[in-house]
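# Descriptive analysis of the structure
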Amino acid sequence: MRSFNRFELKYLVPVEEAADIRDELAGRMDHDPHSPAGGYGVWSLYYDTPGLRFYWEKIEGLKFRRKLRVRHYGAPETVTDDSPVCVEIKQRVNRVTQKRRVTLPYATARRLCDGREMIGHAAGESAFLQEVLELVVRLDLRPTAITGYQREALVGRGMDSGLRVTLDRRVRGRDRDFHLGTPTPENRFTIPPHLAVMEVKVNERTPYWITDLAARRNLSLIRVSKYVQSIEAFGKAPRSVFHIRESDHPSPTLPGRPSNGQPTARHASASAHLKAGAR
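Rules behind the numbers
- Residues numbered from 1 in each chain as written.
- Predicted model: local features only at pLDDT ≥ 70, side-chain atom pairs only at ≥ 80, totals over all residues.
- Heavy atoms only, no water.
- Helix = DSSP H or I, 4+ residues; strand = E, 2+ residues; numbered from the N terminus.
- Contact = heavy atoms within 4.5 Å.
- Buried < 20%, exposed > 50% of the residue type's maximum accessible area, 1.4 Å probe, protein only.
- Pairing = 2+ DSSP bridges.
- Expected span 1.5 Å × (residues − 1).
- Arc of directions from axis to C-beta.
- Phe/Tyr/Trp six-rings, centres within 6.5 Å; stacked < 30°, edge-to-face > 60°.

For T211, the location among the structural elements is in helix α5 (residues 208-216). Considering only alpha carbons, one finds T211 and V200, eleven residues apart in sequence, at a separation of 9.9 Å. In contact with T211, not counting residues within four places along its chain, are Y11 and T206.

Below is the structure:
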């Protein structure tokens, strides 16, 4: 079992600037050894109540809130019953984000979260698994949304050893077909594809050079949850002040788009490609 306590800051990053920002960060940080060139896929299945309790707790800004998810690292087409996944409770206590999780075979994780049965476990995992099962049964939790994105990660060195920065692009999701290994799922972009999300995670304080980088590049500090974004993108709840609207962050003018704003055949083809790429 693993646990993390961190403060988090999130910024919106234009995709065309993401590589430059990553390279600038790499001057002071190391690439996460688990992050290959080009990054890795992160897919998460979120559970919620029929009335979307966890969603509304986020919207209402409760000082203590939790959510349950099952997370897979890698390509969805590789998921089998034996694939390792993380069953995770992510919670917020005032300004601190806490994560607790265990790694299980996917079939075992489904028995716990969907079948609502206790599974075999090590002694040190008992309290956490009991908490997961109690949440699922007491709150009648059920699969609600899947989110996915491509992530590149860097970790701090020296005095910044507690620092972790991730760049997430192609943020997408779905509100059905909740098996993580669903072939040809109907995903759609839940954050405009010309934007990436940079998350800065620190144990205590944010290094001055991170905030300086963000200021120099005019990055937008945002309060966004990929789960909330997915719920609102699929119309399961009214869009809130946390929702990222493309009209607030318009895509740069693309070649082939005339000044009247109407797409040409070239631009329409690019849009179709982006839509298909959401899978």
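Let us now look at the pairing of strand β5 (residues 84-93). Within β5, seven of the ten residues are buried, which leaves the element mostly enclosed by the surrounding structure. By the bridge criterion, eight bridges tie strand β4 (residues 64-73) to β5 in an arrangement that is antiparallel. Bridge pairing in β5 links L68 to I89. Looking at chain direction, β5 and strand β6 (residues 96-105) are connected through ten bridges and run antiparallel. Of the residues in β6, the one forming a bridge with Q91 is Q98. Counted along the chain from β5 to the antiparallel partner β6, the turn is two residues long, and its residue N94 has a positive phi close to 55 degrees.

The next subject is helix α1 (residues 15-26). Over its twelve residues, α1 runs 17 Å from end to end, which matches the ideal 16 Å to within 8%, given 1.5 Å per residue. Taken together, the buried positions of α1 are occupied by A18, I21 and L25. Down the axis of α1, the smallest arc covering the buried residues is 75 degrees, so these residues share one side.

Moving on, we come to the packing of aromatic side chains. Within the structure shown, the criterion is met by three aromatic pairs. Seen in terms of ring centroids, Y40 and Y73 are 6.1 Å apart; in terms of plane orientation they differ by 55 degrees. Their pairing is tilted. Placement of Y40 in strand β3 (residues 40-48) and of Y73 in strand β4 is noted, with a sequence separation of 33 residues between them. Owing to a relative accessible area of 12%, Y40 belongs among the buried residues under this scheme.

With that settled, consider unusual backbone geometry. Glycine aside, negative phi is the norm for most residues, and most peptide bonds take the trans geometry. Positioned with a positive phi, R116 is a non-glycine residue whose angle comes to about 60 degrees. Locating R116 in the fold gives a position in the loop between α3 (106-113) and α4 (126-138). Residue classification places R116 among the partly exposed positions, given a relative accessible area of 33%. You will see that R170, though not glycine, has its phi angle at about 55 degrees, which is positive.

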